[in-house]
Amino acid sequence: MKRLDGPIFITGHTGFKGSWLSLLLNHLEIEHFGYSLEAEEDSLYERANLERVSRGVVGDIRDLENLSKVIKDVRPSVIIHLAAQPLVLKSYQEPLETFQTNCIGTANVLETAFDTPSVEIVLVITTDKVYRNDNSGRRFVESDPLEGKDPYSASKVAAEAVCAAWQQMSKISGGPKVLVARAGNVIGGGDFAKDRLVPDVLRAVSSGQSLSVRNPKASRPWQHALDPLIGYLKYIEFAKNSMKIEPALNFGPFELSLRTDEVLEFAKAYFGDKLKLTYPKESQEFESQALGLDPSSAIAKLAWQPIWNQKEAIDRTFLWWMNYLDNPNNALNNCLEDISISLEVMR
Ligand SMILES: NC(=O)c1ccc[n+]([C@@H]2O[C@H](COP(=O)([O-])OP(=O)(O)OC[C@H]3O[C@@H](n4cnc5c(N)ncnc54)[C@H](O)[C@@H]3O)[C@@H](O)[C@H]2O)c1
């Protein structure tokens, strides 16, 4: 991968993907600077002690004045906007906050970017959940209609509408290129967020309590965090060197999405009887049943492809956690090993 000019400004650098992105950029020797809320106690950022290796400040993307001051001070050439309230179940409890962060926060980032002459590209990270989903299991392509049913998905559709408006302003009056990346369910060492399947497995194994499986037949496009992150950098590189931009690209696995019960079979093979599962009789329809992403366009245009298939990504994630549980001081090294392997494969 060729080098990108920094500095790259990352919103959400204390989050799961932001932590992996900071480490990836460090490895590639690309200068970067982060802006996020405080890291969560159980986060990868804390476990790997990333404060030592990544520069950044605590700040809220809803605070336009502060966000703008920090971005203008850093004078980045690229902004990768990851910061969000990313949890579907939490979005039902806090819909307004979810919209304020995911929609108005995105508008604040774009407004500031357009007012900061150093910024050439803003990449906004949305999700596979933005597509109108009839649960047929068909893999979505970028031109499919968008519609979010739950508050999280709807807030990300709103963020996409914000991006479309600034893409139009960029076309008419000039300004940074605005790109949108839609990724699937990312996994990898260190994610401990609530109500996500792999962290839930880890929580159950380490506490000895059984995991209540919400939706065993639901399918998702699983991928290792490094896969879309490398894709994002290639997307930015492509946009920098091209007159015509691709306004949105999907980043997902090659294969059809795996069901929850298939992921749990792999987990069982790893953790054996330590993983106890229960299946509540009543399942509530909080989340969609089938989700799939077609990554063909990113593969064709960016010379990018997923490094690990879904099974391999799950294996690498559990291996990371086994090493970590053996020795919690291994968190950073485990990440660096995964980064080296993935970049070796990309060469
Ligand atoms: N993890 C997934 O499976 C997945 C899948 C598709 C898309 N995404 C998207 O990728 C992005 C990153 O997700 P993640 O899994 O790393 O989430 P995360 O919860 O681990 O991290 C979220 C980050 O955003 C920051 N943040 C939240 N609210 C903020 C605010 N008001 N101001 C400033 N910072 C704020 C947090 O401090 C944290 O650094 C999100 O936009 C999410 O919607 C994630």
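The structure reproduced in this document is the subject of the present report. Throughout, a residue's number is its position along its own chain's written sequence, starting from 1. Thresholds applied to this predicted model are a pLDDT of at least 70 for local features of residues and 80 or more for the giving and counting of side-chain atom pairs; totals over whole chains, interfaces and linings are not thresholded and use all residues. Side-chain calculation: all heavy atoms of the structure are included, whereas hydrogens and water are not.

## Points about the nonpolar core
Right, on to step 1. Formed by 70 residues in total, the largest nonpolar core has its most connected members in Trp-20, Leu-24, Ile-80, Leu-123, Val-201, Tyr-232 and Phe-251.
Right, on to step 2. Under the DSSP-based scheme used, a helix requires at least four consecutive residues in state H or I and a strand at least two consecutive residues in state E, with every element numbered from the N terminus. Ranked by the residues each element gives to this core, the list is headed by helix 8 (residues 226-240), at eight residues.
Right, on to step 3. In this view, Trp-20 contacts Leu-44, Gly-189, His-224, Ala-225, Leu-226, Leu-229, Trp-320, Cys-335, Asp-338 and Ile-339; residues no more than four positions away in its chain are not counted.
Right, on to step 4. Throughout, nonpolar core names a set of buried Ala, Val, Leu, Ile, Met, Phe, Trp, Tyr and Cys residues whose side chains join them through atoms within 4.5 Å. In this scheme, a residue with accessible area under 20% of its type's maximum is buried, one over 50% is exposed, and one in between is partly exposed, where area comes from a 1.4 Å probe on protein chains only. By size, the runner-up hydrophobic cluster in this structure holds 25 residues, among which are Ala-107, Val-122, Val-124 and Trp-166. Contact definition: two residues touch when any of their heavy atoms are within 4.5 Å.

## Thoughts on the site of the ligand
Right, on to step 1. A cutoff of 4 Å decides nearness: a residue is near a molecule or strand if any of its heavy atoms lies inside that distance of it. Surrounding the ligand, one finds 26 residues, the nearest of these being Thr-14, Phe-16, Lys-17, Tyr-152 and Lys-156.
Right, on to step 2. Any pair of N or O atoms that falls within 3.5 Å is considered a polar contact. Within protein, one atom must be able to donate a hydrogen and the other to accept it, and sequence-neighbouring residues count only if both atoms are side-chain atoms. One nitrogen or oxygen atom from the side chain of Tyr-152 is found 2.7 Å from an oxygen atom belonging to the ligand.
Right, on to step 3. All accessible-area figures derive from a Shrake-Rupley calculation using a 1.4 Å probe, and residue coverage is judged against the displayed protein chains alone. Protein coverage of the free-state accessible area of the ligand, which is 830 Å², stands at 90%.
Right, on to step 4. Residue assignment for the shell around the ligand shows that the elements contributing at least two residues are helix 1 (16-27), helix 6 (151-173) and strand 7 (185-187).

## Let's talk about the packing of aromatic side chains
Right, on to step 1. Here a pair means two rings of Phe, Tyr or Trp (six-membered ring of Trp) with centres within 6.5 Å. Their orientation is stacked below 30 degrees between planes, edge-to-face above 60, and tilted elsewhere. On inspection of all chains with the given rule, the structure shows 13 aromatic pairs.
Right, on to step 2. Centre to centre, the rings of Tyr-235 and Phe-251 are 6.0 Å apart; their planes meet at 50 degrees, and the pair counts as tilted. Note that Tyr-235 is positioned in helix 8 and Phe-251 in strand 11 (residues 248-251), a separation of 16 residues in sequence. Take Tyr-235 and Phe-251: they sit in the same class, and that class is buried.
Right, on to step 3. Through pairs of rings, three or more aromatic residues link up here, namely Phe-192, Trp-320, Trp-321 and Tyr-324.
Right, on to step 4. Directly above the aromatic system of Phe-192 lies the positively charged group of Arg-47, at a separation of 4.5 Å from the ring centroid.
Right, on to step 5. In this analysis the charged atom, NZ for Lys or CZ for Arg, is taken to sit over a ring once it is within 6 Å of the ring centre and within 35 degrees of the ring normal. Stacked on the ring of Phe-266, the Lys or Arg Lys-311 has its end atom at 4.9 Å from the ring centre.

## Observations regarding the packing of helix 11 (residues 310-326) against helix 12 (residues 331-346)
Right, on to step 1. Orientation of helix 11 relative to helix 12, taken along the N-to-C sense of each, is 150 degrees, at an axis distance of 9 Å. Overall, the two elements helix 11 and helix 12 adopt an arrangement that is roughly antiparallel. Read as a crossing pair, helix 11 and helix 12 show a hand that is right-handed. In this structure, helix 11 contributes Arg-316, Trp-320, Asn-323 and Tyr-324 to the contact, and helix 12 contributes Ala-331, Asn-334, Cys-335, Glu-337, Asp-338 and Ile-341.
Right, on to step 2. Its residues assigned to classes, the contact of helix 11 with helix 12 comprises five nonpolar, two polar and three charged. The convention used is that axes are lines fitted to C-alpha atoms, helices contributing only their stretch in contact, and that angles between N-to-C directions extend from 0 to 180 degrees. Our angle categories are set so that under 35 degrees counts as roughly parallel, over 145 as roughly antiparallel, 65 to 115 as roughly perpendicular, and the remainder as oblique. Crossings are sorted by hand: turned counterclockwise from the far helix by less than a right angle, the near helix makes the crossing left-handed, and turned clockwise it makes it right-handed. Residue polarity follows a fixed list, in which Ala, Val, Leu, Ile, Met, Phe, Trp, Tyr, Cys and Pro are nonpolar, Asp, Glu, Lys and Arg are charged, and the others, Gly among them, are polar.

## Observations concerning the layout of surface pockets
Right, on to step 1. Taken as a whole, the second largest pocket encloses approximately 300 Å³ of empty space.
Right, on to step 2. Using protein atoms alone on a 1 Å grid, points that fit a 1.4 Å probe yet trap it form a cavity, whereas open point sets bounded by protein on both sides within 12 Å along at least five of seven lines form a pocket; residues with an atom within 4 Å of a point count as lining. If you go around the second largest pocket, you meet 17 residues; those closest to its centre are Asn-133, Asn-135, Lys-149, Glu-287 and Ser-288.
Right, on to step 3. Of the residues contributing to the lining of the second largest pocket, the split by class is four nonpolar, six polar and seven charged. Grid points are joined across faces, edges and corners, and a volume is the space filled by probe spheres set on the points.

## Topic: a negative patch on the surface
Right, on to step 1. Nonpolar side chains (Val, Leu, Ile, Met, Phe, Trp, Tyr) are joined into patches within 5 Å and like charges within 9 Å, using only residues with over 30% relative accessible area and no salt bridge. The salt bridge definition used is simple: a Lys or Arg side-chain nitrogen within 4 Å of an Asp or Glu carboxyl oxygen. Two residue types count as positive, namely Lys and Arg, and two as negative, namely Asp and Glu; His and chain ends fall outside the count. Each charge is placed at NZ for Lys, CZ for Arg, CG for Asp and CD for Glu. A surface patch of like charges, here negative, comprises Glu-38, Glu-41, Glu-46 and Glu-51.
Right, on to step 2. Assignment of secondary structure puts Glu-46 in helix 2 (residues 44-47).
Right, on to step 3. Assessed through its relative accessible area of 41%, Glu-46 is described here as partly exposed.

## Some details on the side chain of Ser-91
Right, on to step 1. Position of Ser-91 relative to the elements: it lies in helix 4 (residues 88-93).
Right, on to step 2. In this structure Ser-91 comes out as buried when scored by relative accessible area, which is 0%.
Right, on to step 3. Beyond its immediate chain neighbours, meaning those up to four positions away, Ser-91 contacts Gln-85, Thr-98, Asp-150, Pro-151 and Tyr-152.

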